[in-house]
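# Structure at a glance
Take a look at the letters that make up each chain.
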Amino acid sequence: MTKAAAIMIRTEADIAAALDALLSADARLVAILKAAGTVPLRRSRAGLEGLIAIIVAQQVAKASADAIFGRLATAVDLRDPDAILAADEETLRGAGLSRPKYATIRTLASAIAEGQVDLQRCENAPAEAAIAELVALRGIGIWTAECYLLFCAGHRDIFPAGDLALQAAVGHALEHESRPSAKTVATIAETWRPHRSVAARLFWAYYAAIHSREVVPAADAIKPSTPQISTAKAGRAKRKPRPSAAKSLS
């Protein structure tokens, strides 16, 4: 592992240092940070328990995800793959898991128990290698792997371009005509290497500030449950144009 790869986002000081570097590299982000306010650390538990929490949170509201995860953690030790494999389907699905999520969690626990996947190795590996190891498992996609590495492992250079809120926030802040695709967002985010994980946190915070609510990351295959700031000009078609967020806050 290279020296750069070894640098992780673990503390608020790490966030502050990365933000300083980002603002120096891209002046557009200055006004976006003013609009966003505080950029939170948002570190989550690592290991099997943390990855299961991300799987559980997919396609459901935060309150529902928290409730399901709480029931699941009460029913079985989510840090122990053997305990998960020993639990019957009724126990796990009774916590509120859908059949696909139940299958994914069982597959994950089996892969870890058999040594096919090593989450500690993933946490310490370069992002590309870690993502490749995780997405080899049925039911785990790139977005899930990226969110695990960003929130749980603390990787510093991850930008989940397939996330709906990030697409909407980038499109709004940078005044795109429509919500940019994952490919377009990924290309834009190249500018923010090697601090893309903090850039992602910044745009999530920006999205939350615009909506005045907490943001729950969601992959772009999932339809949002609430209206989005999908474009810089959306919602203004019948109103007089106003400056972009970046210009109006500068």
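Residues numbered from 1 in each chain as written. Predicted model: local features only at pLDDT ≥ 70, side-chain atom pairs only at ≥ 80, totals over all residues. Heavy atoms only, no water.

### Here's the deal with the packing of aromatic side chains
How we decide: Pairing of aromatic side chains requires ring centres within 6.5 Å, counting the rings of Phe and Tyr and the six-membered ring of Trp. Pairs whose planes differ by under 30 degrees are stacked, by over 60 edge-to-face, and all others tilted. Geometrically, a lysine NZ or arginine CZ counts as sitting over a ring once it is within 6 Å of the ring centre and also within 35 degrees of the ring normal.
Evaluated as defined, the whole model comprises three aromatic pairs. The structure contains a cluster of three or more aromatic residues connected by ring pairs, namely Phe159, Trp192 and Phe203. Geometry around Trp204 places Arg42 over its ring, the cationic atom sitting 5.7 Å from the centre.

### Details of the confidence of the model for the chain
Applicable threshold: The pLDDT value tells you how sure the predictor is about a given residue, anywhere from 0 up to 100. Note on contacts: a residue pair is in contact if any heavy atoms of the two residues lie within 4.5 Å.
Confidence in the prediction for the chain averages 86 pLDDT; 82% of positions are at 70 or higher. In this model, residues 1–5 is a region of pLDDT below 50 whose contacts with residues beyond four sequence positions or in other chains number four contacts. In this model residues 221–250 is a low-confidence stretch, pLDDT under 50, and it forms 52 contacts with partners more than four residues away in sequence or in other chains.

### Concerning the environment of Ala95
Heads up, the rule is: By definition, any uninterrupted DSSP run of H or I lasting at least four residues is a helix, any uninterrupted run of E lasting at least two residues is a strand, and each is numbered from the N terminus.
Relative to the assigned elements, Ala95 resides in the loop between helix H7 (89–93) and helix H8 (99–113). Separated by 21 residues in the primary sequence, Ala95 and Thr74 have C-alpha atoms spaced 9.1 Å apart. Those residues in contact with Ala95 that lie beyond four places of it in its chain are Ile68, Arg71 and Leu72.

### Brief notes about unusual backbone geometry
Peptide bonds are, in most cases, trans, and in most cases residues other than glycine have a negative phi. With an omega of 0°, the peptide bond running from Arg193 to Pro194 counts as cis. Within the element layout of this structure, Pro194 appears in the loop between helix H13 (182–189) and helix H14 (196–211). Positive phi outside glycine occurs at Arg42, with the angle close to 55°. Position of Arg42 relative to the elements: it lies in the loop between helix H3 (28–36) and helix H4 (47–57).

### Some details on the packing of helix H12 (residues 164–173) against H14
To keep it simple, the criterion reads: Angles here are taken between N-to-C directions and fall from 0 to 180 degrees, while the axes themselves are lines fitted to C-alpha atoms, restricted in helices to the stretch in contact. Between 65 and 115 degrees an angle is taken as roughly perpendicular, under 35 as roughly parallel, over 145 as roughly antiparallel, and anywhere else as oblique. Nonpolar residues are Ala, Val, Leu, Ile, Met, Phe, Trp, Tyr, Cys and Pro. Charged residues are Asp, Glu, Lys and Arg, and all others, Gly as well, are polar.
Where H12 contacts H14, the two axes come as close as 9 Å, and the packing angle between them is 80°. Here H12 lies roughly perpendicular to H14, going by the angle between them. Along its contact with H12, which presents Ala165, Leu166, Ala168, Ala169, Val170, His172 and Ala173, the element H14 presents Ala200, Phe203, Trp204, Tyr206, Tyr207 and Ile210. Residues of the contact of H12 with H14, tallied by class, amount to twelve nonpolar, one polar and no charged.

### Things to note about the pattern of salt bridges
Rules: The salt bridge criterion pairs a side-chain nitrogen of Lys or Arg with a carboxyl oxygen of Asp or Glu, the two atoms within 4 Å. Relative accessibility decides the category of a residue: with a 1.4 Å probe and only protein chains considered, values under 20% of the type maximum give buried, values over 50% give exposed, and everything between is partly exposed.
Taken as a whole and assessed by the stated rule, the structure comprises eleven salt bridges. Between Asp26 and Arg28 there is a salt bridge, with the nearest N and O atoms lying 2.8 Å from each other. You can call Arg28 partly exposed: its relative accessible area is 37%. Salt-bridge contacts for Asp66 lead to Lys62; the nearest nitrogen and oxygen are separated by 2.9 Å. Separated by four residues within a single helix, Asp66 and Lys62 lie in helix H5 (residues 62–75), roughly one turn from each other. Judged by its relative accessible area of 45%, Asp66 falls in the partly exposed class. In the salt-bridge network here, residues are joined through shared partners; they are Asp157, Glu190, Arg193 and Arg196.

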